[in-house]
Amino acid sequence: MKKIKIDHLARVEGNGGVIATIDGRAVTDVKFAIYEGPRLVERLTLGKTPEEDVNIVPRICAICTVSHKYAALRAMENALSVNVPPKVSLFRELMHLGEMIESHSLHTYYLALPDYVGFPNAIAMAAQFSLEVKIALEMKEFGNHIMKTAAGRYIHGENPVIGGFGKFPSKDELLWIKSRAIQFMPFVLKTVDLFCGLDYPLVPEEKTMYACCNPEKNQYGFAGEEILLSTGEILSKDDYKKLTNEFVVSHSYAKRSRYKGKPYSVGALARVNNLGERLKGEPSLQQRGPGAGNLLCL
Amino acid sequence: MKKDKLKIGIYELTGCAGDALLILDCEKELVDIFQAADIQSFLMAKSDNIDGELDVALVEGSVSTEKERKEVLDIRKRAKVVVAIGICSCFGGIQAAFLKENEWEKNFKEVYGKIKMTHTKPLHSKPIDAYIKVDYYLPGCPIDKEQFLSTFNRIIRGNPPELYRFPVCVECKWNENDCLLNKGIPCLGPVTAAGCGAVCINHNLPCVGCWGPLAEANFTSEYHLLKEKGFTDDFIKKKMGNFSGTGIADFLGKIKGAKR
């Protein structure tokens, strides 16, 4: 019996570690532990006004602060029967795309790529990939700029509120964002090629179950009234507790959830696997390769 | 040349990692930051981390487990200067809103049940200065880029940072915004530490107090002003406490004429 223990996983958000137990050639147990302490957000939101809850919950996570804000706003508006006009929905989509551009630029180039090309960090990686590091930083800044314009600031912007926004961006700001997005397209396509060309270790694993929101009108997107599973099942959002049936394990402060007793995966990879056929434009599925999931969401 | 650079460690305890992320969000300055200082430890950004002697430790997050308590004591031993970055580190953050130990314990049980944690014991969330001496405080939720860069610049030259000693209201007036309190909107600008540039009021929204309380602020005046506008004692105190963590405890007792 051999144990591999990693106390601190590096280049990820938050504090986590892994303990793997190996018996001969078989991995018999893997424990993923979140060392970060309990925050009790479930309880902090009780007895507050809906507005205050929408202020508090994005603080769960800084990288995906806008996602938390977006989800909290949709939940509150659903509970309070508030309908938002299409203009508001579009601006919310914009702020969320800003987060995706920032977060995926960060994850692909700064958190993940150094491992594949053998550097301790992205700045050191610049010795070999100077242009990529420079443009990826610019693209990350562009994502942050969109969030600042639409959500109020880079992290924990308060501009999105129940029913709409405190202030809408000007037309000039929007046109600037559009022209900048077009400028980045060649780099995005190069990024897809770069990541598709990397050597990925073959990991024999059980088939993963993926879950993501099912956007309306057969669109690719992030929000929807239903949850689509890679098994083909569709759940109404009102049945969310079938998926988020949280339970506690003794080696982690992050709670777990299972669907019909099995683990499932969410996020970019789930969206690409479940909704990938709906992607349009140049970075479509023809160029898809292993690990390109994050990139395709750009 | 590398040995002449200040050795800096950036650490994350319990929180959203927003202050560490904000450092990575200094996209234009990031290469310079890594060149100007010898970044010994920064888990979010690099994998070759060393836990040795440090000139400066920047610590984000609140102490919420036994492991983090030991870690923060160790950081203090190794670092000449400790800077608390972000409101979780400065005041305990949102997770320190349960001020009383028994109230925290009750809520912990509601979330985690009776399970006994095997990896590290949970602690009532507290700011880092509950356990160690802190040299400088840089508040914010998250910290502000300009304020971080100016603080970082001064620290790597061995100078103390110049922090704002005035409330959000001052920045709001610089921006010539209309006062939301005059319109009856509950804004915490008069009692909240400045540095955000009054960003919420710039967007026609009230300050939620996410930079934590300003020591010099007049909480009594804000409390009575909000009462006059028709808000209840319970509402006002909850609002003041949402982001202030343990920082609010001193002030709630000091409000003259409020219910105890």
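All values reported here derive from a predicted model rather than from experimental measurement.

Definitions and cut-offs
- Residues numbered from 1 in each chain as written.
- Chains lettered and ligands numbered in written order.
- Predicted model: local features only at pLDDT ≥ 70, side-chain atom pairs only at ≥ 80, totals over all residues.
- Heavy atoms only, no water.
- Helix = DSSP H or I, 4+ residues; strand = E, 2+ residues; numbered from the N terminus.
- Rg over C-alpha atoms; globule rule 2.2 N^0.38 Å.
- Buried < 20%, exposed > 50% of the residue type's maximum accessible area, 1.4 Å probe, protein only.
- Contact = heavy atoms within 4.5 Å.
- Areas by Shrake-Rupley, 256 points an atom, 1.4 Å probe, with all protein chains shown as cover.
- Buried area = accessible area lost by both parts, 1.4 Å probe.
- Salt bridge = Lys/Arg side-chain N within 4 Å of Asp/Glu carboxyl O.
- Polar contact = N/O pair within 3.5 Å; in protein donor to acceptor, adjacent residues only side chain to side chain.
- Nonpolar A, V, L, I, M, F, W, Y, C, P; charged D, E, K, R; others polar.
- Pairing = 2+ DSSP bridges.
- pLDDT = per-residue confidence, 0-100.
- Axes fitted to C-alpha atoms, helices over the stretch in contact; angles between N-to-C directions.
- Parallel < 35°, antiparallel > 145°, perpendicular 65-115°, else oblique.
- Left-handed = near helix turned anticlockwise from the far one by under 90°.
- Core = buried A, V, L, I, M, F, W, Y, C linked by side-chain atoms within 4.5 Å.
- Expected span 1.5 Å × (residues − 1).
- Arc of directions from axis to C-beta.

**Student:** I'd love a proper account of the overall build of chain B, names of residues and values included.
**Tutor:** Scanning chain B from terminus to terminus reveals 11 helices and 7 strands. For chain B, whose C-alpha radius of gyration is 19 Å, the value lies close to the compact-globule estimate of 18 Å for 260 residues. Overall, chain B is about 60 × 50 × 25 Å in size when its C-alpha atoms are taken along their principal axes. Looking at the 260 residues of chain B, the share that counts as buried comes to 59%. For chain B, restricting intrachain contacts to residue pairs at least 6 apart in sequence, the fraction spanning at least 24 positions comes to 73%. Accessible surface, chain B as shown: approximately 11,300 Å² in total, 52% of it carbon and sulfur.

**Student:** Please give an account of the interface of chain B and chain A that cites residues and values.
**Tutor:** Listed per partner, the contact involves 63 residues of chain B and 59 residues of chain A. Of the roughly 5,500 Å² buried between chain B and chain A, counting both surfaces, carbon and sulfur atoms make up 63%. The interface formed by chain B and chain A contains 5 salt bridges. Lys140 of chain A is the partner of Asp25 of chain B in a salt bridge, and the nearest nitrogen-oxygen pair spans 2.4 Å. Where chain B meets chain A, there are 28 residue pairs in polar contact (both at pLDDT 80 or more). At the level of secondary structure, the elements contributing two or more residues to the side of chain B that touches chain A comprise helix 1 (18-24), helix 2 (30-36), strand 4 (63-65), helix 3 (66-78), helix 5 (101-112), helix 8 (199-202) and helix 10 (233-241) of chain B. Looking at side-chain class alone, the side of chain B that touches chain A contains 33 nonpolar, 16 polar and 14 charged residues.

**Student:** Mind laying out the pairing of strand 6 (residues 209-214) of chain A, listing which residues take part and the relevant values?
**Tutor:** Residues and elements named next belong to chain A. The buried fraction of strand 6 is high, at 5 of 6 residues. The pairing of strand 6 with strand 9 (residues 264-265) spans 2 bridges and is parallel. Counted as the bridge partner of Met209 is Tyr264 from strand 9. Pairing geometry for strand 6 and strand 7 (residues 226-229), over 4 bridges, is antiparallel. Bridge pairing in strand 7 places Asn214 opposite Glu226.

**Student:** Outline the confidence of the model for chain B, listing residues and values.
**Tutor:** Mean pLDDT for chain B: 93, with 98% of residues reaching 70 or above. Our summary of model confidence lists the complex with pTM equal to 0.93 and ipTM equal to 0.94.

**Student:** Report on the packing of helix 9 (residues 219-228) of chain B against helix 10 of chain B, specifying residues and quantitative values.
**Tutor:** Residues and elements named next belong to chain B. Between helix 9 and helix 10, the least distance of the axes is 10 Å, while the angle of their chain directions is 135°. Classed by the angle they form, the pair helix 9 and helix 10 counts as oblique. Between helix 9 and helix 10 lies a crossing whose hand is right-handed. Across the interface between the two elements, Phe219, Glu222, Tyr223, Leu226 and Lys227 of helix 9 pack against Asp233, Ile236, Lys237 and Met240 of helix 10. Class assignment for the residues of the contact of helix 9 with helix 10 results in 5 nonpolar, no polar and 4 charged.

**Student:** Account for the environment of Gln147 of chain B, with residues named and values stated.
**Tutor:** Residue and element names in this part refer to chain B. Structurally, the position occupied by Gln147 is in helix 6 (residues 145-156). Taking the C-alpha atoms as reference points, Gln147 and Gly195, 48 residues apart in sequence, are found 6.9 Å from one another. Excluding residues that lie within four positions of it along the chain, Gln147 makes contacts with Leu138, Pro139, Tyr164, Ala194, Gly195 and Trp211.

**Student:** Tell me about the sheet that holds strand 3 (residues 54-60) of chain B, and name the residues and values.
**Tutor:** Residues and elements named next belong to chain B. Read from one edge of the open sheet, 5 strands run 2-1-3-5-7, paired in parallel fashion. Every interior strand has two partners, whereas the edge strands, strand 2 (38-42) and strand 7 (136-138), have only one. On average, adjacent strands in this sheet sit at an angle of 20° to one another, irrespective of strand direction. Pairing of strand 5 (residues 79-85) with strand 7 involves 3 bridges; the strand directions are parallel. Its bridge partner lying in strand 7, Ala84 is registered against Tyr137. Lying over the sheet, helix 3 contacts strand 1 (7-12), strand 3 and strand 5, oriented at roughly 135° with respect to strand 5. Sitting on the sheet, helix 6 touches strand 1, strand 3, strand 5 and strand 7, and the angle it makes with strand 7 is about 155°.

**Student:** Describe the confidence of the model for chain A, listing the residues and the values that go with them.
**Tutor:** Note that predicted coordinates carrying low pLDDT should not be read in detail. All names here are of chain A. Scored by pLDDT, chain A has a mean of 91; 94% of the residues are at 70 or more. Predicted confidence is poor over residues 287-291, with pLDDT under 50, and the contacts of this stretch with residues over four places away or in other chains come to 13 contacts. In this model, residues 293-298 is a region of pLDDT below 50 whose contacts with residues beyond four sequence positions or in other chains number 26 contacts.

**Student:** Give a detailed account of the nonpolar core, specifying residues and quantitative values.
**Tutor:** One finds Ala57, Ile128, Ile201 and Phe219 of chain B to be the most contacted residues of the largest nonpolar core, which totals 68 residues. The greatest single-element share of this core, amounting to 4 residues, is contributed by helix 5 of chain B. Setting aside residues up to four positions removed in sequence, Ala57 of chain B forms contacts with Gly9, Tyr11, Ile75, Ala79, Val81, Val82 and Val83 of chain B. Counting 67 residues, the second-largest nonpolar core is a separate cluster that includes Leu113 of chain A together with Ile10, Cys16 and Val83 of chain B.

**Student:** Go over helix 5 of chain B, please, and point to the residues and values.
**Tutor:** The terminal C-alpha atoms of helix 5 of chain B lie 16 Å apart, and with 12 residues this matches the ideal 16 Å at 1.5 Å per residue to within 8%. For helix 5 of chain B, every residue scored as buried is listed here: Trp104, Asn107, Phe108, Val111 and Tyr112 of chain B. Down the axis, helix 5 of chain B shows its buried residues gathered within 115° of arc, on one side only. For helix 5 of chain B, the exposed residues set more than 90 degrees away from the buried face come down to Asn102, Lys106 and Lys109 of chain B. Those residues of helix 5 of chain B that are buried lie in contact with helix 1 (41-44) of chain A together with strand 6 (122-126) of chain B.

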